[in-house]
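What the coordinates show
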Amino acid sequence: MPQGENRLDLLPDAPETWRAALTSVLGVAGALPVGWLVAALNHEPLGRWASGDWDGASLPLLDREILGRALHVSPHPLPALLLWLVFAGLALLLPLTLLRSRGVVAPDASGSADIRDAGVRLGAAWATLTPSALFALAVGTALSGPGARTAATLGTAALALLGLSAAAWWAWQRARPQNETQDAEATLAGTLSSSLTAGATGVAASLLITLLGARTEPLGLAALAGTLLLVGLYGHSRLSVWLGAAGLSLTALWGLDLPPSPGEEGFWTPLLRVSPALVGLAGALRAAQWRARHPHTPPLAWLAGLCGAVLVLGLGTGDSTLLLLLTLALSGVAWLAHRSSALAPDLRGTLYWGALPGLLLGGFLIARAVGGGAHASRLLLVGSLAAALTALLTARQAQGGREKLGQAKLGQRIAEAGGLVLLALALTFMARPAQFAPALA
């Protein structure tokens, strides 16, 4: 900008028309990668699929050979990845240009120097995410071929991921509010930041699945679902938040069904099983933190509880000592959430419900191991007693914010009932070989 030029002179005469035109341009920019992919697939011989001559086990459109030819990544992945790296750089020009020019865009009705129009923000997210998703698909397809994972190809993909991550980091720096009263996530800069983060996460998930194999698919899809959850939070879309939470819950349950690899030992398989649950737990806590400032955000305490239970099932079914430590840790989290007054109420409730199902389930699993006599020491029942007492002493925290729905006592009754049953079982097994009735009494 020349010296002395007034920035207000750069503003359009009709801001509403200008924003509508910008929304249309962003929509077309996001549709271009989709149109290119459809055209590329249209040039592939899909007559076998159209005639029904396929086994039905998998969609031909998802076949690596067809995708490799359509995306031009086979049979030479390295030159193709270099071209896709150029494509990723060109795709970044749009969001980075919008971020650089956000100080001279037309003010909205609130007088902000940044755009808060929902249509512009949705178009910006669409135009940023579609090329990122196409690039992630190309990277995964290129690296999944036989002999494609060389130092050169992996370095090219890592360079692209580093560029996307750097762009996302710079976008978050630009989206930082000037004062504490501003809400950066409700602006165009915040939308672009979350979209760039989503793109980088998609590429990282594609690389992770390619390098670690199909057994990391639940973790990769959990990362994408978590990204959708974050986009829903920053874009103030309840539908995206619900879809992201549903995806996180399904991937957490899917991770439990992960079979061990032949010859694999140690902690790797249990870690892969619970990794989607850890992503879901992080997403639920982020949503609770967000809800403290945006009450319209859907509560996701149920997601935290589901992931906490999956965490116990995935890590504690093999080793009784690890199950004991995990149960004691969750009991400590529930107690701290109940006693701490420094945390926001929504965050305290999500932490508590994230720990309560897991600690009760861990206590029941410990009691089952001791009661079954599977060479389990009765000292393990300390975990069951700690879980039962924690549930009983913190039951009021389970009320959450349900007063308006007439369900204030439901959560408290669940915690008390679970704690009482678990306490009775723990005392029964500790009193062995005494008679069952006196011990239960």
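Rules of the game
- Residues numbered from 1 in each chain as written.
- Predicted model: local features only at pLDDT ≥ 70, side-chain atom pairs only at ≥ 80, totals over all residues.
- Heavy atoms only, no water.
- Salt bridge = Lys/Arg side-chain N within 4 Å of Asp/Glu carboxyl O.
- Helix = DSSP H or I, 4+ residues; strand = E, 2+ residues; numbered from the N terminus.
- Expected span 1.5 Å × (residues − 1).
- Buried < 20%, exposed > 50% of the residue type's maximum accessible area, 1.4 Å probe, protein only.
- Contact = heavy atoms within 4.5 Å.
- Axes fitted to C-alpha atoms, helices over the stretch in contact; angles between N-to-C directions.
- Parallel < 35°, antiparallel > 145°, perpendicular 65-115°, else oblique.
- Left-handed = near helix turned anticlockwise from the far one by under 90°.
- Nonpolar A, V, L, I, M, F, W, Y, C, P; charged D, E, K, R; others polar.
- Phe/Tyr/Trp six-rings, centres within 6.5 Å; stacked < 30°, edge-to-face > 60°.
- Lys NZ or Arg CZ within 6 Å of the ring centre and 35° of its normal.

**Observations concerning the pattern of salt bridges**
- Summed over the entire model, instances satisfying the criterion amount to one salt bridge.
- The partner of D346 in a salt bridge is R291, with the nearest N and O atoms 3.2 Å apart. Pair noted here: D346 is in helix α13 (residues 345-371) and R291 is in helix α10 (residues 268-291), with a separation of 55 residues, a long-range link.

**Here's the deal with helix α9 (residues 238-256)**
- A rise of 1.5 Å per residue sets the reference length of α9, with its 19 residues, at 27 Å; its end C-alpha atoms lie 28 Å apart and thus fit the reference within 8%.
- Taken together, the buried positions of α9 are S240, V241, G244, A245, G247, L248, S249, T251, A252 and G255.
- Lining the buried residues of α9 we find α8 (217-234), α10 and α11 (301-316).

**A closer look at the packing of helix α6 (residues 151-174) against helix α7 (residues 188-212)**
- Taken N-terminus to C-terminus, the directions of α6 and α7 make an angle of 160°; their axes are 8 Å apart at the nearest point. With respect to α7, the element α6 is oriented roughly antiparallel. Crossing angle aside, the handedness with which α6 passes α7 is left-handed. Of α7, the residues touching α6 (which contributes L154, A157, L161, L164, S165, A167, A168, A171 and W172) are G190, S193, S194, L196, T197, G199, A200, V203, A204, L207 and L211.
- Of the residues in the contact of α6 with α7, the class split is 14 nonpolar, six polar and no charged.

**Considerations on the packing of α8 against α10**
- Contact geometry for α8 and α10: axes closest at 8 Å, N-to-C directions at 10°. With respect to their mutual orientation, α8 and α10 come out roughly parallel. Two secondary-structure elements touch here, α8 through P218, L219, A222, A223, L229, L230, L233 and Y234 and α10 through S275, P276, V279, G283, R286, A287 and W290.
- Tallied by class, the residues present in the contact of α8 with α10 amount to twelve nonpolar, two polar and one charged.

**So, α7**
- With 25 residues, α7 extends 36 Å from end C-alpha to end C-alpha; this agrees with the ideal 36 Å at 1.5 Å per step.
- Counting buried residues in α7 gives 18 out of 25 residues, a clear majority hidden from the surface.
- Following α7 by one or two positions, G213 adopts a phi angle in the positive range, close to 95°.

**Examining the packing of aromatic side chains**
- Scanning the model with the defined rule gives four aromatic pairs in all.
- Geometrically, the ring pair formed by W84 and F87 is edge-to-face, given 5.1 Å between the ring centres and 80° between the ring planes. Of this pair, W84 and F87 are both found in helix α4 (residues 77-100), three residues apart, which corresponds to roughly one turn of the helix.
- Plain terms: the ring middles of W242 and W302 are 6.4 Å apart, the flat faces sit at 15° to each other, and that makes the pair stacked. Highlighted residues: W242 in helix α9 and W302 in helix α11, separated in sequence by 60 residues.
- When its relative accessible area of 37% is taken as the criterion, W242 is described as partly exposed.
- You can call W302 partly exposed: its relative accessible area is 37%.
- An aromatic cluster of at least three residues, connected via ring pairs, comprises W36, W84 and F87.
- It is R293 that lies over the ring of W290; its NZ or CZ is 5.6 Å from the centre.

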